[in-house]
Amino acid sequence: MNAINFPANQPPDRISASIVPKMTARNIDVFYGAKQAIRNVSIDFSREHVTAFIGPSGCGKSTILRCFNRMNDTIEGARVTGEIRLDGVDITSPALDVVQLRARVGMVFQKPNPFPKSIYENIAYGPRIHGLAASRADLDGVVESALRRAGLWDEVKDRLKDSGTTLSGGQQQRLCIARAIAVDPEVILMDEPCSALDPVATAKIEELIDDLRGRYAIVIVTHNMQQAARVSQRTAFFHNGAMVEYGETSMIFTNPVQARTKDYITGRYG
Amino acid sequence: MLALAVILLLGGLAFLIGRWRGAALAPAGGRIGAVHSRPVYHGAYVALLALAPALLVLAAWGLFGGAVIDERVLSALPTDARPLTPLDSGAFMNEVHGLANGDFAAAFNPDTARAVPIYQQMRREGDLATLLLAVALLLAGGLWAISQLKPAFRARNRVEAAVWLALLLASIVAILTTFGILLSLVFESLRFFELVPLSDFLFGLKWSPQTALRADQVGASGAFGALPLFWGTIFIGAIIAMLVAIPLGLMAAIYLTQYARPRVRRVLKPVLELLAGIPTVVYGFFAALTVAPAVRQLGVALGYADASAESALAAGLVMGVMIIPFVSSMADDALMAVPDAVRDGSYAMGATRSETVRMVLVPAALPGIVGGVLLAISRAIGETMIVVMAAGMAARLTLNPFDSVTTVTTQIVALLTGDQEFDSAKTLSAFALGLVLFVITFLLNIYALRVVKTYREAYE
């Protein structure tokens, strides 16, 4: 039995402890130059559940998300301390190869960011750079299955040569999700994936997230509490760079322990 | 000079009076809108109406007064003292000017000494009359303007309109000048094409612009086939120079935008752009004195004994270096215009920096880069000093970079230096060459700017 160490302020009965965590983070601090963006955050998440990070703007929920695939490396002056493990292996050490890490931990961004290439080439990008397809037929198969899993195949199968940027916003975002799952990652990080989409496109993405649960460990940052309630089973509430509360989504939204969580959930601020 | 100072002083006074009168229109502390314009606009309006006509008169006298005086001095002289031809008149009056200003101690032509007092008197009278006229106009304009000042008078709008007009004229000057240049090119070229058929010029293979001055002169037939010139221009400017400038410029831009730390970029980018500030004549003698001999030696070492001391390769290499900052700064802009989100998307897929550059950023920025390269080509083919000094004069169709070739610009320089008569095909051919160059670079620029523009719109 792998007991999970939850933050001290969390009663253990809030989380079923029988699940093996996919990623574990301990005592994470993030600094941008001299400014501290994240204070001492410890959190685990697993493949079985979709985990939602909620909190007001500027609370650090996107910053902590970017620690899990070391995207903070690309920001000049960003510094991350603490320990993050993927399947028990530390990923924060400078010796770790971010290329392999990012093949295992995919990411979907706030604004759909398809490459200015064809739909096919967008999906084929990851398999190509990681050498996952031995032949053209292989690659065709990978592209098709990624698009199918992202629920986009039927819409684009006749226009794979069109530019990815010609799709609608919602299709572009599903293209980005398909691009991420084309390399068959273990974790998918989603940074407010629906904030630039209309309600219909949002519903499709949420459906897709639900389909993908269990196959990938999914973490979704959202400022939309209804969305967190709809798609996640675990929710972490962040405020001012600290994690205030983490537990089962149903509990966080119906019976939060912390007063600040309750205030946020009920719309007192944020 | 004194006249200008007087007029400007009076203009300043007009401003002060206008402002004072404007201020007097409203009692202090009156509500906004009681007087339409603030006193400073009344002052500016009065100064404008006072100064504009007066300055125009002074400018007209400054531009044309000298010619009018010279004309009248000559006609005032007794017939026997007058110079015979217009050319002599010029020299004659130059001497008169020199004597009158005290630059010459004594007259070379005794007749000029007779003209000096006439000239001096006319000059004095002319200057005085102009000044009086200017002051009269200034007073008239100023007084009329002052008489218009009322609380409801829209002085501000009139001053703003005058500013608008002045700025419009300033911007039109450049455009009109370009038109003038184009027209002179077209007309002189038409004269050339009366002598030499257009098809011979554009498609002829032999360029030998010497025409016979005398009927019995030897070896001066005159051939105006410009194709070797066009080829030389393209060979140096669009091929050799671009083989240097495109890879180096693009790689410099990739380094500066994707690899360099901000501090390094802050230093390196301006330094690279400094290269664009080196006068092309400096590149020219660097090409002629340093690069060309080395290229010749290389050619000889490679077994080409006839390697020329002036070569397409030497000129092209140096021109390529000159164009690097141009290409790199356009490519820099194009790469920076690719949204960070696209780059992050590639990194998040586990792509390395070079994979991201190669597979995402450069393809995404390609239209902008191509536009920049086209602009660079149009600059390279119009460039003159380097090719004049390092490419040679031999008009030939060759693929050998160690041969000397010649370009359109080099030939224009050669055709228009020295004594020229403007009725020979030799001189006029320079205008035809200039016209072709103008049309080509003009079209290239239009096309390149359109490519760059549509590309920018794609990311906005």
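About the thresholds
- Residues numbered from 1 in each chain as written.
- Chains lettered and ligands numbered in written order.
- Predicted model: local features only at pLDDT ≥ 70, side-chain atom pairs only at ≥ 80, totals over all residues.
- Heavy atoms only, no water.
- Helix = DSSP H or I, 4+ residues; strand = E, 2+ residues; numbered from the N terminus.
- Rg over C-alpha atoms; globule rule 2.2 N^0.38 Å.
- Contact = heavy atoms within 4.5 Å.
- Areas by Shrake-Rupley, 256 points an atom, 1.4 Å probe, with all protein chains shown as cover.
- Lys, Arg positive; Asp, Glu negative; His and termini not counted.
- Charge placed at Lys NZ, Arg CZ, Asp CG, Glu CD.
- Buried < 20%, exposed > 50% of the residue type's maximum accessible area, 1.4 Å probe, protein only.
- Domains from an automatic or database assignment.
- Buried area = accessible area lost by both parts, 1.4 Å probe.
- Salt bridge = Lys/Arg side-chain N within 4 Å of Asp/Glu carboxyl O.
- Polar contact = N/O pair within 3.5 Å; in protein donor to acceptor, adjacent residues only side chain to side chain.
- pLDDT = per-residue confidence, 0-100.
- Axes fitted to C-alpha atoms, helices over the stretch in contact; angles between N-to-C directions.
- Left-handed = near helix turned anticlockwise from the far one by under 90°.
- Nonpolar A, V, L, I, M, F, W, Y, C, P; charged D, E, K, R; others polar.

Novice: Explain the overall build of chain A here, please?
Specialist: Across its full length, chain A holds 10 helices and 10 strands. Over its C-alpha trace chain A gives a radius of gyration of 18 Å, about what one expects of a compact globule, namely 18 Å for 270 residues. In chain A, once contacts between residues fewer than 6 apart in sequence are set aside, the share between residues at least 24 apart is 67%. With an accessible surface of roughly 11400 Å², chain A has 48% of that area assigned to carbon and sulfur atoms. Within chain A, one finds 32 positive and 30 negative side-chain charges whose respective centroids are separated by 3 Å.

Novice: Mind showing me how you'd approach the overall build of chain B here?
Specialist: Summing up its helical and strand segments, chain B has 15 helices and two strands in all. Its C-alpha radius of gyration of 32 Å places chain B more than 25% over the 23 Å reference for a compact globule of 460 residues. Taken along the three principal axes of its C-alpha coordinates, chain B extends 80 × 80 × 40 Å. Buried positions account for 41% of the 460 residues belonging to chain B. Considering only contacts in chain B between residues 6 or more positions apart, those separated by 24 or more positions represent 73%. Summing over all exposed atoms, chain B offers an accessible surface of approximately 24700 Å²; the carbon and sulfur share of this is 69%. Treating the 31 positive side-chain charges of chain B as one cloud and the 29 negative ones as another, the clouds have centres 15 Å apart.

Novice: Got a minute to help me understand the environment of B:Ile172 in this structure?
Specialist: Mapped onto the elements of the fold, B:Ile172 is located in helix α5 (residues 155-195). When the C-alpha positions of B:Ile172 and B:Asn101 are compared, they lie 37 Å apart, and in sequence the two are 71 residues distant.

Novice: Where do I start with the side chain of B:Ser346 in this structure?
Specialist: Checked against the element boundaries, B:Ser346 lands in helix α11 (residues 340-348). According to the relative accessible area criterion, B:Ser346 is buried, its value standing at 0%. Not counting residues within four places of it along the chain, the set of residues in contact with B:Ser346 comprises A:Phe115, A:Tyr125, B:Ala351, B:Thr356 and B:Val360.

Novice: Is there a simple way to explain the domain arrangement of chain B in this structure?
Specialist: For an interface, size is often stated in terms of accessible area lost upon the parts coming together. Splitting chain B by domain gives domain 1 (2-26 + 34-151) and domain 2 (226-417). Taken over C-alpha atoms, the centre of domain 1 of chain B sits 52 Å from the centre of domain 2 of chain B.

Novice: Whenever I open this one, the interface of chain A and chain B confuses me. Can you help?
Specialist: On the chain B side, the residues contacting the 23 residues of chain A number 19 residues. Carbon and sulfur atoms supply 67% of the area that chain A and chain B bury against each other, a total of about 1600 Å² over both sides. It is A:Pro116, A:Tyr125 and A:Ile129 that lose the most area in chain A upon contact with chain B, and together they represent 30% of the buried surface on that side. Where chain A packs against chain B, one counts one salt bridge. For the salt bridge of A:Glu76 with B:Arg261, the shortest nitrogen-to-oxygen distance reads 3.1 Å. Where chain A packs against chain B, one counts six residue pairs in polar contact (both at pLDDT 80 or more). Of all the secondary-structure elements, those providing two or more residues to the side of chain A that touches chain B are α2 (98-104), β6 (105-108), α3 (119-129) and α6 (169-181) of chain A. The dominant element in the side of chain A that touches chain B, judged by the number of residues it contributes, is α3(A), at four residues.

Novice: Would you mind going over the confidence of the model for chain A with me for this structure?
Specialist: In low-pLDDT segments, the atomic positions of the prediction should not be examined closely. Considering every residue of chain A, the mean pLDDT works out to 88; 93% of them sit at 70 or more. pLDDT under 50 marks residues 1-15 of chain A. Its contacts with residues more than four places away, or in other chains, come to 28 contacts.

Novice: Hey, could you run me through the packing of α3(A) against α6(A) in this one?
Specialist: All names here are of chain A. Closest axis-to-axis distance for the α3/α6 pair is 7 Å, and the angle between their directions is 35°. The way α3 lies across α6 gives a crossing that is right-handed. Contacts between α3 and α6 involve Ile-119, Asn-122 and Ile-123 from the first element and Leu-175, Ala-178 and Arg-179 from the second. For the contact of α3 with α6, a count of residues per class yields four nonpolar, one polar and one charged.

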